[in-house]
Amino acid sequence: MKDYTNLANTEVRRSDRAVADEAWIRELLHRAPVGVLAFNQGDQPFLNSNLYAYDEAAHAIYMHTARVGRTPANLAQETKICFTIFEMGRLLPAKEALEFSVEYSGVTVFGTAVTITDPAEAQHGLQLLLDKYAPHLKPDQDYRGITPEELKRTAVYRINIHEWSGKKKEVTDDFPGAFYYNS
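Notes on the structure follow. (Residues numbered from 1 in each chain as written. Predicted model: local features only at pLDDT ≥ 70, side-chain atom pairs only at ≥ 80, totals over all residues. Heavy atoms only, no water.)

## Considerations on unusual backbone geometry
Peptide bonds are, in most cases, trans, and in most cases residues other than glycine have a negative phi.
1) Next: Positive phi values are uncommon outside glycine, yet His59 reaches one of about 50°.
2) Next: Tracing the chain through its elements places His59 in the loop between β4 (53-55) and β5 (60-66).
3) Next: Using a relative accessible area of 32% as the deciding quantity, one classes His59 as partly exposed.
4) Next: The backbone of Asp140 sits at a positive phi, close to 60°, despite the residue not being glycine.
5) Next: We classify Asp140 as exposed; its relative accessible area is 66%. (Helix = DSSP H or I, 4+ residues; strand = E, 2+ residues; numbered from the N terminus. Buried < 20%, exposed > 50% of the residue type's maximum accessible area, 1.4 Å probe, protein only.)

Okay, here's the thing in structure tokens:
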């Protein structure tokens, strides 16, 4: 029996769903709308779901939070983290309850998070976020650009990517009964 507690971080249990194509991983990191940051405070794990931007040239992820709170307190020192993004596809019904499934795509990143203290890099990270979520709006044209005073009110983080893994499940377009979740 496989010892799952000692697998490499990036080893996917179902090798038929592992994605090694780094272009696919980068594209999903650019596209996914929300990421989830995981870190420890002592022996207690915490999650922070947040908007983020992937900076391909820097091989890093940028995100921000308020200057005070659990995330900035725990990321004040360079800290090991895990960060994940995912997309849900269609639900896949089956004849047996335990065989129901879902299409999905996901990327998990392992690395370190650092709080950005350099104002130029902080502005760069925030502008990446603005460009990702409002690409049709331009600074100093459609909105006032980031000011030094505003930089003092937010904490910007860079996640240095050390390794990553991708995973997906896809089925044919004509999969019987496949449907999209609609709450």
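After that view of the structure, there is still more to cover.
## Re the nonpolar core
1) Next: Judged by nonpolar contacts, the single largest core of 25 residues is most densely connected at Leu29, Ile61, Phe83, Val109 and Ile159.
2) Next: For this core, the secondary-structure elements that each account for two or more residues are α1 (22-31), β2 (35-41), β5, β6 (79-92), β7 (101-115) and β8 (154-169).
3) Next: In contact with Val109, not counting residues within four places along its chain, are Leu29, Ile61, Ile81, Cys82, Phe83, Ile159, Ile161, Glu163 and Trp164.
4) Next: Within the second largest apolar cluster, 10 residues are counted, among which are Val114, Ala122, Leu151 and Val156. (Core = buried A, V, L, I, M, F, W, Y, C linked by side-chain atoms within 4.5 Å. Contact = heavy atoms within 4.5 Å.)

## Here's the deal with the environment of Arg158
1) Next: Summarising the element assignment, Arg158 is placed in strand β8.
2) Next: It is 14 Å that separates the C-alpha atoms of Arg158 and Val36, two residues lying 122 residues apart in sequence.
3) Next: Discounting chain neighbours no more than four positions away, the residues touching Arg158 are Ala60, Ile61, Tyr62, Thr112, Ala113, Val114, Ile116 and Glu121.
4) Next: Side chain to side chain, Arg158 and Glu121 meet in a polar contact 2.5 Å long.
5) Next: A distance of 2.7 Å separates polar atoms of two side chains, one belonging to Arg158 and the other to Asn160. (Polar contact = N/O pair within 3.5 Å; in protein donor to acceptor, adjacent residues only side chain to side chain.)

## Concerning the packing of aromatic side chains
1) Next: Counted by the stated rule, this structure contains 3 aromatic pairs.
2) Next: A ring pair is formed by Tyr52 and Phe83, whose centres lie 5.3 Å apart and whose planes are at 70°; its orientation type is edge-to-face. Highlighted residues: Tyr52 in the loop between β3 (44-50) and β4 and Phe83 in strand β6, separated in sequence by 31 residues. Taken as a pair, Tyr52 and Phe83 share a single burial class, namely buried.
3) Next: We note Lys132 situated over the ring of Tyr52; from NZ or CZ to the ring centre the distance is 3.6 Å. (Phe/Tyr/Trp six-rings, centres within 6.5 Å; stacked < 30°, edge-to-face > 60°. Lys NZ or Arg CZ within 6 Å of the ring centre and 35° of its normal.)

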